[in-house]
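# Coordinate inspection notes
Here is what each chain is made of, one letter per residue.
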Amino acid sequence: MPLNSSTSSTTAPPTSSAPATDPANLKMSQNGHLDRIGARPLVRRGSSSQGSEGFTVVPGKVSGMDYMRDPKLFKGMAFSLEERQTMGIHGLLPPRIKTQEEMAEHSMRNLRRFDDPLNKYMYMADLSERNEKLFYKVLSENTEELMPIVYTPTVGLACQKFGLAFKRPKGLFITIHDKGHVYEVLKNWPEQDVRCIVVTDGERILGLGDLGAQGMGIPVGKLSLNTAIAGIPPSQTLPITLDVGTNRQELLDDIDYIGLRHKRVTGQQYDDFIDEFMQAVVRRYGQNTLIQFEDFGNHNAFRFLEKYRNKYCTFNDDIQGTASVALAGVLAALKATNTKLSDHTFLFQGAGEAALGIANLIGMAMEKREGIPYQEAIKKVWLKDSRGLIVKDRPEGGISDHKAPFAHEHAPMADLGDIVKELKPTVLIGAAAIPNVFTPEIIKDMASFNKAPIIFALSNPTSKAECTAEQAYVHSDGRAVFASGSPFPTYSGVWQGL
């Protein structure tokens, strides 16, 4: 935490008229500082002797034990001999002095001893709680190996087991019962310069549904990657869970569940709570603080995006972030197949946040890159939801305002396999968290009328994927251009492609 020289002359040690032998003072040294039982206390700025709010550390009052106990300060065996002696921690560590590189190699050897991904996740979580600098060094230098551990697919299982494995909080939990006092709760976060917030209400965690407060693993994991990959200082990030309850009965009955034990609060009370949260963030950290919405339910995600996008620095990762990455994958597939966007017919399995976000961005890209008007471009994009192919005047209904632009003239159809045979799409994208819905027959059909069928199984975690990489390649005779939302083992076969 930052040092503030202005406090050194204004903060005096506590005094007492009681004699030094008073039992109440047995744990205090003569100068009033804590003696041996722990680190010297932080001083709250904003008291009668301080002019601004928040916490700081008084110079000279950061003891060696602070460096041993605070993961932001702890360096493990990398403390030099001079540091150990100066800070009074000589003898509290083994005598060997290691470099950060040696400690990172040691950490990876330890992690690779585990076969179970959840155990690897727990090891990385423990490392972040002990030695923050080492955690990010290990993560940034081994991103390809560790991304599936700290984020999807393993983070999904970690969220499901979050209550059982909970040790120390890593973010801020704000509940519906804090309504009216959200700003005061935000003030309890010790960092002053927060630039990036990832927030969830836990209603739609990956493809796992409503996990309530246990969805905190998503903001924590996402921000870890923001630091490791984008270099955002961890002190400038803040994971937040807005706990308004959960509708999953098994969690309400779970003895280890960490959240509010009641059904989700909805309606005006919920909307007012979100409004208060947004206002409190700006009041506390400023208008330019990024507020990233993550894994909100479909019915809330779209309306919050429209409601806040022109008022706050915000975006919805499931709608906009997923769309950006998926479009990048499509553009890469165009290079592999030597085609243009307008050459393709797109079929989506799913019509939720991710699918609609991708579909809209494909239409926008077609307009910008190839000059095709947006309304014409989206005629090449078809979506199937739980009631079947989205078409005009569908008897089954269920076509929301966000789906309506993709409701084309066509007879109603329900089965995905029949739709594939009928529309003969060149690009098949899954984003509905229905596992194995891309059957061998569907993949073979895609390969029968496409030289290089483009198949994206984007649902997370891996257990919810529409098909595996191996299935896509095997059933297309090695000709598929495949992408997925979670990593799969390297396919040992040969891509026949173009």
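Data block above holds the structure.
## Describing empty space enclosed by the protein
The final tally for this structure, using the stated rule, is two cavities of 30 Å³ or more. Its volume calculated, the largest cavity comes out at about 230 Å³. Along the walls of the largest cavity sit 16 residues, with Tyr121, Ala125, Phe162, Ala165 and Lys170 positioned nearest its centre. Counting residues per element, the ones that place at least two in the lining of the largest cavity are helix H4 (117-130) and helix H8 (162-165). With five residues, H4 is the largest single contributor of residues to the lining of the largest cavity. Residues of the lining of the largest cavity, tallied by class, amount to 11 nonpolar, no polar and five charged. Lining the second largest cavity are Phe293, Ala301, Phe304, Leu305, Tyr308, Thr314, Phe315 and Asn316. Broken down by secondary-structure element, the contributors of at least two residues to the lining of the second largest cavity are helix H13 (298-308) and strand E7 (314-316). Of the residues assigned to the lining of the second largest cavity, the class counts are six nonpolar, two polar and no charged.

## Focus: the pattern of salt bridges
A side chain with one charge can pair with a side chain of the opposite charge if their charged atoms come near. Tallied over the entire structure, the rule returns 23 salt bridges. Measuring nitrogen to oxygen at the nearest pair gives 2.8 Å for the salt bridge that ties Glu141 to Lys137. Here the residue Glu141 and the residue Lys137 both occupy positions in helix H5 (residues 132-141), the gap between them amounting to four residues, near one helical turn. Through salt bridges with shared partners, one network takes in Arg204, Asp295, Asp318 and Glu353.

So, how was this worked out
- Residues numbered from 1 in each chain as written.
- Predicted model: local features only at pLDDT ≥ 70, side-chain atom pairs only at ≥ 80, totals over all residues.
- Heavy atoms only, no water.
- 1 Å grid on protein atoms, 1.4 Å probe; cavity = no way out; pocket = protein on both sides within 12 Å on 5 of 7 lines; lining within 4 Å.
- Points joined across faces, edges and corners; volume = space filled by probe spheres on them.
- Helix = DSSP H or I, 4+ residues; strand = E, 2+ residues; numbered from the N terminus.
- Nonpolar A, V, L, I, M, F, W, Y, C, P; charged D, E, K, R; others polar.
- Salt bridge = Lys/Arg side-chain N within 4 Å of Asp/Glu carboxyl O.

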